[in-house]
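Examination of the molecular architecture
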Amino acid sequence: MKRALCPVCSGSIDEQFLQLQQLQDESSPNFVSEVVNIYFHESEKLLRNLREDCLVVVDKEFSDYKKMGIHLNQFMGSSSSIGAQRVRNVCVAFRAASEQNNRAGCLRALELLEYEYCYLKNKLHELFQIEQQRILAAGVRYPQQPNNP
């Protein structure tokens, strides 16, 4: 079944999310939520690493911007794979700031990345709740009422 992009997540996800949904079937009914949960788990680690990277930027005169770039590339890749386009776009800007050794830009990008990540997480949670309600409603069977003339 072809699905349309969810209005709940409008602007947060792209067609890649639809492709992910198309991989879900009766044999793996929780595929999308499992992939997204893995994404969230790994993203929390990456955000923690990026926060630490940015603290090094603030606390010291030097920083390992390459390490920050590695974390950003991982975040961009995983965000792209689930269709999290706004998160991915912030990662691109964040990486550009890190490549320019721009401390202020990195800190602003981190703040925006955390915002977009939380926004995405809330929207996908809402989407999964709606989907769960739809599934439950589809499974409800009401007894047929006899036709009264």
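Thresholds applied
- Residues numbered from 1 in each chain as written.
- Predicted model: local features only at pLDDT ≥ 70, side-chain atom pairs only at ≥ 80, totals over all residues.
- Heavy atoms only, no water.
- Salt bridge = Lys/Arg side-chain N within 4 Å of Asp/Glu carboxyl O.
- Helix = DSSP H or I, 4+ residues; strand = E, 2+ residues; numbered from the N terminus.
- Buried < 20%, exposed > 50% of the residue type's maximum accessible area, 1.4 Å probe, protein only.
- Axes fitted to C-alpha atoms, helices over the stretch in contact; angles between N-to-C directions.
- Parallel < 35°, antiparallel > 145°, perpendicular 65-115°, else oblique.
- Contact = heavy atoms within 4.5 Å.
- Nonpolar A, V, L, I, M, F, W, Y, C, P; charged D, E, K, R; others polar.
- Phe/Tyr/Trp six-rings, centres within 6.5 Å; stacked < 30°, edge-to-face > 60°.
- Disulfide = S-S within 2.5 Å.

Side note on the pattern of salt bridges
- Inspection of the entire model under this criterion finds 7 salt bridges.
- A salt bridge links Arg95 to Glu99; the nearest nitrogen and oxygen atoms lie 3.9 Å apart. Within this pair, Arg95 and its partner Glu99 are both found in helix α4 (residues 85-99), separated by 4 residues, close to a single helical turn.
- The exposure class of Glu99 is exposed, given its relative accessible area of 60%.
- For the salt bridge of Lys123 with Glu126, the shortest nitrogen-to-oxygen distance reads 3.8 Å. Residue Lys123 and its partner Glu126 are located together in helix α5 (residues 103-139), separated by 3 residues, close to a single helical turn.

Considerations on the packing of α4 against α5
- In contact at an axis separation of 9 Å, α4 and α5 are set at 170 degrees when each is read in the N-to-C sense. Classified by the interaxial angle, the pair formed by α4 and α5 is roughly antiparallel. Facing α4, whose interface residues are Arg86, Val87, Val90, Cys91, Phe94, Ala97 and Ser98, α5 presents Gly105, Cys106, Ala109, Leu110, Leu112, Leu113, Tyr115, Glu116, Tyr117, Tyr119 and Leu120.
- Taken together, the residues of the contact of α4 with α5 break down into 14 nonpolar, 2 polar and 2 charged.

Looking at the packing of aromatic side chains
- Tallying each qualifying case throughout the model produces 5 aromatic pairs.
- Between Tyr39 and Phe75, the aromatic rings sit 6.5 Å apart at their centres with planes inclined by 50 degrees, giving tilted as the arrangement. Remark: Phe75 occurs in helix α3 (residues 65-82) and Tyr39 occurs in helix α2 (residues 31-59); sequence separation between them is 36 residues. Considered together, Tyr39 and Phe75 belong to a single accessibility category, that of buried residues.

Looking at the state of the cysteines
- Throughout the structure, instances matching the rule amount to 0 disulfides.
- Free of any disulfide, Cys106 has its nearest neighbouring cysteine sulfur in Cys54, separated by 5.5 Å.

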